[in-house]
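Structural characterization, general
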Amino acid sequence: MALLQITEPGQAVDPHLRKRAAGIDLGTTNSLVAFVRAGVAETLADANGQHMLPSVVRYQKDGVIVGTDALNAAASDPLNTILSVKRLMGRGFEDVTRIQDQTLYEFVTLDGGMPRIKTVAGDISPVAVSAEILKVLAERASQTLAGDLDGVVITVPAYFDDAQRQATKDAAMLAGLNVLRLLNEPTAAAIAYGLDSGSEGKIAIYDLGGGTFDVSILQLRRGVFEVLATGGDTALGGDDIDRTVAQWIIEQSSSSGDLGASARRGLLLEARKIKEALSSAD
């Protein structure tokens, strides 16, 4: 039986088509924003034609820089340039201080236990950092779609707990966005691959990201995904590989490894370039 589209007097024929919604992949290393045109999802580029936005925010006394320009300053201004903030989302003060040696940042806490990062612009929460990234992506979508967004769908790791999911929603709210829903990244990957229109069965999704390496088992029945199980290593993402490569470089150079924040950040970024180059070179 076909569904009928019923409209009231004065309404558009297809009022739902007048809505502007976007999908956001808020990643540890890079982020993307996309929308659906004629049934096909398209990622949106910035004014320079770049689709991926580095998930990097640099705080200065007179403003905030997000993306490539912030990444370019990551080594020269390591304490005010925040990378991989997704790993800090929804974490308590004790949790982040355990990994303080990995992040380079100095953390402080206020009443309530939410950790904040000390910068020249003041003490900034991970939620506020993520909000800056979301603002840039939302602005890109609004310019492309010629209007403010009515809502967004944001992907999150399947292992994210309630606190991490709520922190993601809080970041979106701080960015002025209406979250239509949070979508688990393995489910989003399966849909993007077209598995929702395929045969029924069990599907394994591997997700090697900047923060973690995860695997999820999905059951597909009549176009509906059910997550049967999920697991992974929260210390086996791209950042961890970068640190391993950087440590190897230190060992090969016979250095003591006692480097300042700027040198450590620069070495980690160089290790990332080496790792990424292995995609196309021996």
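Attention in this report is confined to the structure presented alongside it.

What follows deals with the nonpolar core. If you look at soluble globular proteins, the nonpolar side chains tend to sit buried side by side. By size, the foremost hydrophobic cluster in this structure holds 45 residues, and its most contacted members are Ile-24, Leu-134, Leu-149, Ile-154 and Leu-177. At the level of elements, β1 (21-26), β2 (30-37), β5 (56-60), β7 (81-83), α4 (126-145), β11 (151-156) and α5 (162-174) are the ones that each hand at least two residues to this core. Top element by residues in this core is α4. It accounts for ten residues. Residue contacts for Ile-24: discarding those within four places in its chain leaves Leu-32, Val-33, Leu-134, Leu-137, Val-152, Val-153, Ile-154, Thr-155 and Leu-177.

Our next topic: the packing of aromatic side chains. Two numbers describe a pair of aromatic rings. These are the distance of the centres and the angle of the planes. For the coordinates displayed, the defined rule picks out three aromatic pairs. Ring geometry for Tyr-159 versus Phe-160: centroids 5.5 Å apart, planes at 85 degrees, classification edge-to-face. Classification of Tyr-159 as partly exposed rests on a relative accessible area of 30%.

On the basis of which strands lie adjacent, the open sheet formed by three strands has the order β6-β5-β7 and antiparallel pairing. Looking at strand neighbours, the two that pair on one side only are β6 (63-66) and β7, the edges of this open sheet. The sheet shows a mean angle of 20 degrees between the axes of neighbouring strands, taken without regard to direction. Of the pairings in the sheet, the one linking β5 to β6 comprises four bridges and is antiparallel in character. Bridging from a neighbouring strand, Val-57 pairs with Val-66 of β6. Sheet strands touched by α4: β5, β6 and β7. Its angle to β5, the strand with the most contacts, is close to 110 degrees.

Below, the discussion takes up empty space enclosed by the protein. Within this structure, the stated rule accounts for two cavities of 30 Å³ or more. In this structure, the largest cavity spans a volume of roughly 270 Å³. Lining the largest cavity are 16 residues, with Leu-83, Ser-84, Gln-102, Asp-239 and Arg-243 sitting closest to its centre. Contributions of two or more residues to the lining of the largest cavity are made by α3 (100-103), α7 (238-252) and α8 (261-277).

The interhelical angle for the contact between α7 and α8, taken along N-to-C directions, is 105 degrees, at an axis separation of 8 Å. If you check the angle between α7 and α8, you find them roughly perpendicular. Touching Gly-238, Ile-241, Asp-242, Arg-243, Val-245, Ala-246, Ile-249 and Ile-250 of α7 are Leu-267, Leu-268, Ala-271, Arg-272, Ile-274 and Lys-275, all from α8. Along the lines of polarity and charge, the residues of the contact of α7 with α8 split into nine nonpolar, one polar and four charged.

Below, the discussion takes up the layout of surface pockets. Taken as a whole, the second largest pocket encloses approximately 300 Å³ of empty space. In terms of lining, the second largest pocket is formed by 16 residues, of which the most central are Asp-46, Ala-47, Asn-48, Val-136 and Arg-140. Considering only residue class, the lining of the second largest pocket consists of six nonpolar, six polar and four charged.

A few words on the environment of Ala-171. Structurally, the position occupied by Ala-171 is in helix α5. Each C-alpha atom, one on Ala-171 and one on Glu-132, is 8.4 Å from the other, the two residues being 39 residues apart in sequence. If near-sequence neighbours (up to four positions away) are discounted, Ala-171 is found in contact with Met-89, Val-127, Ser-130, Ala-131 and Leu-134.

The rules behind these values
Within each chain, residues carry numbers counting from 1 in the order of the written sequence. Reporting of local features is limited, given that this is a predicted model, to residues whose pLDDT is at least 70; pairs of side-chain atoms are given and counted only at 80 or more, and all residues count toward the totals for whole chains, interfaces and linings. Side-chain calculation: all heavy atoms of the structure are included, whereas hydrogens and water are not. Buried residues of nine kinds, namely Ala, Val, Leu, Ile, Met, Phe, Trp, Tyr and Cys, make up a nonpolar core once their side-chain atoms join them within 4.5 Å. Here the term buried applies to any residue with accessible area under 20% of the maximum for its type, exposed to any over 50%, and partly exposed to those in between, with areas from a 1.4 Å probe on protein chains only. Working definition: helices are DSSP H or I runs of at least four residues, strands are E runs of at least two. Numbering for both runs from the N terminus. Contacts: residue pairs with any heavy atoms within 4.5 Å of one another. Two rings from Phe, Tyr or Trp (for Trp, the six-membered ring) form a pair when their centres sit within 6.5 Å of each other. Planes less than 30 degrees apart are called stacked, planes more than 60 degrees apart edge-to-face, and all others tilted. When DSSP locates at least two bridges between a pair of strands, those strands are taken to pair. All axes are obtained by fitting lines to C-alpha atoms, using only the stretch in contact for helices, and the reported angles, taken between N-to-C directions, cover 0 to 180 degrees. The distinction between a cavity and a pocket rests on a 1 Å grid over the protein atoms alone: a 1.4 Å probe fits inside a cavity but cannot get out, while a pocket stays open yet meets protein on both sides within 12 Å along at least five of seven lines, and a residue with an atom within 4 Å of a point counts as lining. Grid points are joined across faces, edges and corners, and a volume is the space filled by probe spheres set on the points. Roughly parallel here means an angle under 35 degrees, roughly antiparallel means over 145, roughly perpendicular means 65 to 115, and every remaining angle is called oblique. Amino acid classes used here: Ala, Val, Leu, Ile, Met, Phe, Trp, Tyr, Cys and Pro are nonpolar; Asp, Glu, Lys and Arg are charged; the rest, including Gly, are polar.

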